[in-house]
Amino acid sequence: MQIELRNIHKRFGPVHANQDISVTFHEGKIVGILGENGAGKSTLMKILSGFQPADQGQILIDGQVIDYTGPTAAIANGIGMLQQDPLDVGAFTVLENFIYGGAEGIALGRAQAEATLDDLSARFGFELDPHQLIDNLLIAQRQQLEIVRLLALGVQTLILDEPTTGISAEQKIILFDALRKLARDEGMIILLVSHKLEDVIELCDEVLVLRAGVLVGDMEMPSADHNLTGAVIAETKQHLVTMMFGEELEAQSREHYDLGKPVLEVDQLLVHDLRLDMQPISMSVQASEVIGLAGLDGSGQELFMRACARLGRITGGNLRLNGDNIVGASYRQLFHRGCVFGAAGRLEEGLIAGLTLTEHTALVADDHMRIDWKSMAKRTASRIDQYRVKGRAADNVEQLSGGNQQRVLMGLLPDDPQLLILEQPTRGLDVDSARWIWTQLLQRCQSGTAIIFNSSDLEELVTYSDRIFVFYAGRVYPVPDVSQTSIDELGHLIGGEFQQA
Amino acid sequence: MKDTKSLATQIAFLLIPVAISLAVAAILVTAVGRDPLEVVDALWKGAFKDSRKLGGVVNFWIPLTLVSIGLVVTFRAGLWNIGVEGQMMMGALFASWGAQYLLWDASMSPLLNLALIALSALGGMFWAFVVGLLKIRLGVNEIFGGVALNALVNVISIYMISGPWQPRIGGSAQGTEPFPVPALLPEFSKTFPVNIFMILLVFAAFIVVMIMLNATRWGLNLKAVGKNMRSALLLGVATERASMSAFLVCGALAGIAGSYRVLFTFDNLRPLASGGIGFLGLLVVLLLSIRLLWVPLITFAFAAILTGSTRLQIAPSLKLDSSLAGVLQGMLVLFVILFQGVREIFFPQRAVDAEDIETNENRPNE
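This is a predicted model, so every value here is computed, not measured. (Residues numbered from 1 in each chain as written. Chains lettered and ligands numbered in written order. Predicted model: local features only at pLDDT ≥ 70, side-chain atom pairs only at ≥ 80, totals over all residues. Heavy atoms only, no water.)

Visitor: Explain the overall build of chain B here, please?
Guide: Within chain B one finds 14 helices and zero strands. Mapped in sequence order, the helices and strands of chain B form the string α-α-α-α-α-α-α-α-α-α-α-α-α-α. Judged by the C-alpha coordinates and their principal axes, chain B covers about 75 × 55 × 30 Å. By the burial criterion, 51% of the 366 residues in chain B qualify as buried. In chain B, the proportion of contacts linking residues at least 24 apart, taken out of those at least 6 apart, comes to 78%. (Helix = DSSP H or I, 4+ residues; strand = E, 2+ residues; numbered from the N terminus. Buried < 20%, exposed > 50% of the residue type's maximum accessible area, 1.4 Å probe, protein only. Contact = heavy atoms within 4.5 Å.)

What follows is the structure, encoded as structure tokens:
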């Protein structure tokens, strides 16, 4: 199978998301699609997978012009896409989800489908219990399910949108092995949309780079057969960054501030979870301090953060904010004392789809009963300038891009909070946006705000944290000296190798 | 914050489905061998022939508009207050209690009227508070809670009518004895039998709720809670208080609507005195997709059609069942909702940035 895109154009209002893009994908190749947020990479992939039509241009499969009208037609032509948020039905079991996309769904018996599912899972080392409910699966397992489902539908080209977001290092290895197998053994085309340069370098044969809707270049990746040395990786990375941003980004470092008095004191805190054996946690967070929480997804760090913000249950121990016990407090009480929680899902927990930016401003403004919409609009406009948001005060917040939503959220934070508890503050953002977020956060730190954050990006953890705590299966391990810890060492700790450190 | 163009499309998308449902109704009427124009004539005469008929329309309009305004508030907070019917009944029960036991002198009648209206508001709020409490503290969905409480208040009212409040002579489950005259709301005149104070109260409620929803923190908090409870909480909104306040406001208005039924429309408490008006209010608010501005107009149209439909049976050339009015209303709601879907397809919200389509299109909605 060979896919050719010819002169693809796509516009959204004034934005030219794809400008005259022509490219050919060959059989058996793993191709990375790189670009910062809004560069047009997801748009291009959605056109290819039938989720959106192109305004102009053609798609050719094996030399034939194909004109499809939706994802089902794309799948029938052998092209399947794995969305960033897997499109499955939570209340269904794995097996039911596996069946329901099938063309001959009813004719295909459950037993046979189960056999196919087990067969495919076994081939790629996936662990999928057919009778488990989707709601109980990890993101990585839901991805695996989606992959085997598309394979069972006869897909010959697999598009993955940010597949390594929110999955663990181990799961990533399994995923990448499976993708390599599919390309090498079955001649499939694998297209990987990603921000993560390391992933792209590790997995892909070649890379396309999009910038502001234009295809700005392509590059062969160093072969994985030869040992990928650190120097080669670093050089490739630098090259890709230059293509993506048109300039070279300096390695990031931060200034460390003098720490103040303790803000949050955690003493033998116990949070309860059915799946994890959580051990008591103790730590003290001082003003101006940045605490990074590392660990695979679901190792207890999320539970801990939510418990600290009084959004999750505490079953034992003590928690003090500025010396006052807050075990019995509600999040709202903490909020009024300057403790703010930022969740990973911006539109699920944080912003309110359906409300305009001005309405968001008014919502957090500590004002009178009556709302002065004019002054709120003015305040919003100045925030938009200050935080370089691409959007207008009267726009609904869900109309903005992910990066811009995160900027809006930053603008809604109080000016000098005591404590910020942030879940993956830069998840899904490109390098530039992520750095900008951290500049904002560190400014607040300098004036005394303490920050607790978690991240799956080890570089982010090592770069910005004063101290790091590694969560592993409910246990907490403080990293002795962050400045002496390499990303590699941190990686081992996250995998549970505490003895080595 | 809407520009004129979107207002024009808004009106267009309200008028087109109305026209279509009228056309379909006309076809139906023709199919059973009647003249649609005669039906229109009968409906018109039934509703507007003279001031007495108009009075009948207004008497239906008053409670319907009150509950609809209340429902806009609960819908704004994302709550399906299906218990509104029961809240009307509880208001009617409270008013009925006062009407029978507060035996004030005739000279005190206006004060007594006010006291009974206040009592009925309390009754509605009480029943709405229970729904809210079940929802907020125990996690019982307000739809289930509402349905259960609707049934419960009906049982209570039947018990009261056939038990403690039974008429001394010829007691049955038909209704209580007529309330003392000072308790009843006065008619404006024999030829225009409506209560003017209540009409003023409806407009006052409309204006106050309009201002509260659009210009106050309370209204914004309700909207935030209605769109996304989690996010609202994280942005510092007192979400439980917001939900409860929406229930209470709706309950109060529904309670007052209930009092109008027993203190004016009827002169005693009857089983099902609320007469399905609460459920009709739900339809109205759904029809308008929660836009308060049009509520008094649409409720007036609904009231006119329903009141006018009684003439369909009487008119000698028609002899149609008055349920044709219900058919027409049902079609109205269906077509309007259908056209909202059509509008979404042809006039989608404009995109600001390429990425927003990337991030939102395939995300399951709240």
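Visitor: Please explain the overall build of chain A as it appears in this structure.
Guide: Each helix and strand counted, chain A has 16 helices and 20 strands in total. By the compact-globule yardstick of 23 Å for 501 residues, chain A fits well, its C-alpha radius of gyration being 24 Å. Long-range contacts, defined here as pairs at least 24 residues apart, represent 67% of the contacts in chain A between residues at least 6 apart. Here chain A has roughly 21300 Å² of accessible surface; of this, 47% comes from carbon and sulfur atoms. (Rg over C-alpha atoms; globule rule 2.2 N^0.38 Å. Areas by Shrake-Rupley, 256 points an atom, 1.4 Å probe, with all protein chains shown as cover.)

Visitor: So what exactly am I meant to see when it comes to the sheet that holds strand β17 (residues 419-423) of chain A here?
Guide: All names here are of chain A. Strands sit in the order β16-β17-β18-β13-β19-β20 across an open sheet of six strands; the sheet is mixed. Each end of this open sheet is capped by a strand with a single partner; those strands are β16 (339-342) and β20 (475-478). Taking the axes of each pair of neighbouring strands and ignoring which way they run, one obtains an average angle of 15° across the sheet. Direction of pairing for strand β13 (residues 290-294) relative to strand β19 (residues 467-472): parallel, over a ladder of four bridges. (Pairing = 2+ DSSP bridges. Axes fitted to C-alpha atoms, helices over the stretch in contact; angles between N-to-C directions.)

Visitor: Hey, could you run me through the confidence of the model for chain A in this one?
Guide: The predicted coordinates should not be examined in detail at positions where pLDDT is low. Across chain A, the average pLDDT comes to 84, with 91% of residues at 70 or higher. Ranking the elements of chain A by mean pLDDT puts helix α16 (residues 487-494) of chain A last with 76 and strand β18 (residues 450-454) of chain A first with 95. (pLDDT = per-residue confidence, 0-100.)

Visitor: Honestly, unusual backbone geometry in this entry has me stumped. Any pointers?
Guide: Outside of glycine, negative phi angles account for most residues, and trans bonds account for most peptide bonds. The residue D20 of chain A is not glycine, and still its phi comes out positive at about 50°. Relative accessible area serves as the criterion here: at 42%, D20 of chain A is assigned to the partly exposed category. For L272 of chain B, which is not glycine, the phi torsion reads 55° and is therefore positive. By the element assignment, L272 of chain B lies in the loop between α10 (239-265) and α11 (277-287).

Visitor: What is the right way to look at the packing of helix α4 (residues 110-124) of chain A against helix α5 (residues 139-152) of chain A in this model?
Guide: Think of two packed helices as two axes; the pair is described by the angle between the axes and how far apart they sit. Residue and element names in this part refer to chain A. It is the contact of α4 with α5, at a shortest axis distance of 10 Å, that shows an interaxial angle of 120°. Viewed along their axes, α4 and α5 form a crossing whose handedness is right-handed. Across the interface between the two elements, L117, L120, S121 and F124 from α4 touch L145, V148, L151 and A152 from α5. Residues belonging to the contact of α4 with α5 are distributed by class as follows: seven nonpolar, one polar and no charged. (Left-handed = near helix turned anticlockwise from the far one by under 90°. Nonpolar A, V, L, I, M, F, W, Y, C, P; charged D, E, K, R; others polar.)

Visitor: Explain the packing of aromatic side chains to me, please; I cannot follow it from the model alone.
Guide: Two numbers describe a pair of aromatic rings. These are the distance of the centres and the angle of the planes. A full pass over the atoms with the stated rule returns 15 aromatic pairs over all chains. Between F304 of chain A and F471 of chain A, the aromatic rings sit 5.7 Å apart at their centres with planes inclined by 40°, giving tilted as the arrangement. Placement of the pair is F304 of chain A in helix α9 (residues 301-308) and F471 of chain A in strand β19, with a sequence separation of 167 residues. Owing to a relative accessible area of 0%, F471 of chain A belongs among the buried residues under this scheme. Geometrically, the ring pair formed by F48 of chain B and F300 of chain B is stacked, given 6.1 Å between the ring centres and 20° between the ring planes. Highlighted residues: F48 of chain B in helix α2 (residues 36-48) and F300 of chain B in helix α12 (residues 295-314), separated in sequence by 252 residues. We classify F300 of chain B as partly exposed; its relative accessible area is 28%. Put simply, the rings of W438, F453 and Y464 of chain A touch in pairs and so form one group of aromatic residues. The residue whose ring lies beneath R407 of chain A is W436 of chain A, and the NZ or CZ to ring-centre distance is 4.4 Å. (Phe/Tyr/Trp six-rings, centres within 6.5 Å; stacked < 30°, edge-to-face > 60°. Lys NZ or Arg CZ within 6 Å of the ring centre and 35° of its normal.)

Visitor: I would appreciate a short explanation of the pairing of strand β10 (residues 214-220) of chain A in the present structure.
Guide: Consecutive side chains of a regular strand alternate in pointing toward one face of the sheet and then the other. Residue and element names in this part refer to chain A. In the sheet, strand β9 (residues 206-211) pairs with β10 via six bridges, with the strands oriented antiparallel. Looking across to β10, one finds that V209 is bridged to G217. If you look at the hairpin formed by β9 and β10, you'll find two residues sitting between the two strands, and A212 has a positive phi there, around 50°.

Visitor: I keep staring at the pattern of salt bridges and nothing clicks. Help me out?
Guide: Close approach of charged atoms lets side chains of opposite charge pair. Residues and elements named next belong to chain A. In this structure the tally under the stated criterion is 19 salt bridges over all chains. Across the pair E423 and R306 runs a salt bridge, and its minimum N-O distance is 2.9 Å. Taken together, the residues E423 in strand β17 and R306 in helix α9 connect sequence positions 117 residues apart. The buried category is assigned to E423, whose relative accessible area is 8%. (Salt bridge = Lys/Arg side-chain N within 4 Å of Asp/Glu carboxyl O.)

Visitor: Got a minute to help me understand a nonpolar patch on the surface in this structure?
Guide: Together, W104, M108, L111, L114 and F197 of chain B make up a nonpolar patch on the protein surface, roughly 450 Å² of accessible area in all. Along the chain, the position of L111 of chain B falls in helix α5 (residues 109-138). (Patch = residues over 30% accessible without salt bridge, like charges linked within 9 Å, V, L, I, M, F, W, Y side chains within 5 Å.)

Visitor: Is there a simple way to think about the side chain of N228 of chain B in this case?
Guide: Tracing the backbone through its elements, the reader meets N228 of chain B in the loop between α8 (217-227) and α9 (229-234). Classification of N228 of chain B as buried rests on a relative accessible area of 9%. Excluding residues that lie within four positions of it along the chain, N228 of chain B makes contacts with L347, E348, L351 and I352 of chain A.

Visitor: Where do I start with the pairing of strand β3 (residues 30-34) of chain A in this structure?
Guide: All names here are of chain A. With respect to burial, β3 is a largely interior element, five of its five residues being buried. Taking every second residue as pointing to the same face, both faces of β3 are buried, with I30, G32 and L34 on one and V31 and I33 on the other. Sheet topology places β3 next to strand β8 (residues 189-194); five bridges connect them, and they run parallel. Across the sheet, the residue bridging to G32 is L192, located in β8. Pairing geometry for β3 and β9, over four bridges, is parallel. Directly across from I33, in β9, lies its bridge partner L208.

Visitor: How should the confidence of the model for chain B be read in this particular structure?
Guide: Residue and element names in this part refer to chain B. For chain B, the average pLDDT comes to 86, and 92% of its residues sit at 70 or higher. Throughout residues 350-366 the model reports pLDDT below 50, and contacts reaching past four residues in sequence, or to other chains, amount to 54 contacts. The ipTM, which scores confidence in the relative placement of chains, is 0.80 for this predicted complex, and the corresponding pTM is 0.73.

Visitor: Explain helix α12 (residues 373-386) of chain A here, please?
Guide: All names here are of chain A. The terminal C-alpha atoms of α12, which comprises 14 residues, lie 20 Å apart, in line with the 20 Å expected from a rise of 1.5 Å per residue. Regarding α12, the residues found buried are M376, T380 and I384. Within α12, the buried residues cover an arc of 80° as seen down the axis, which keeps them to one side. Turned more than 90 degrees from where α12 packs its buried face, K374, K378, D385 and Q386 sit exposed. Its buried side turned inward, α12 meets α11 (357-364). Directly after α12, the chain includes R388, whose backbone phi takes a positive value near 50°. (Expected span 1.5 Å × (residues − 1). Arc of directions from axis to C-beta.)

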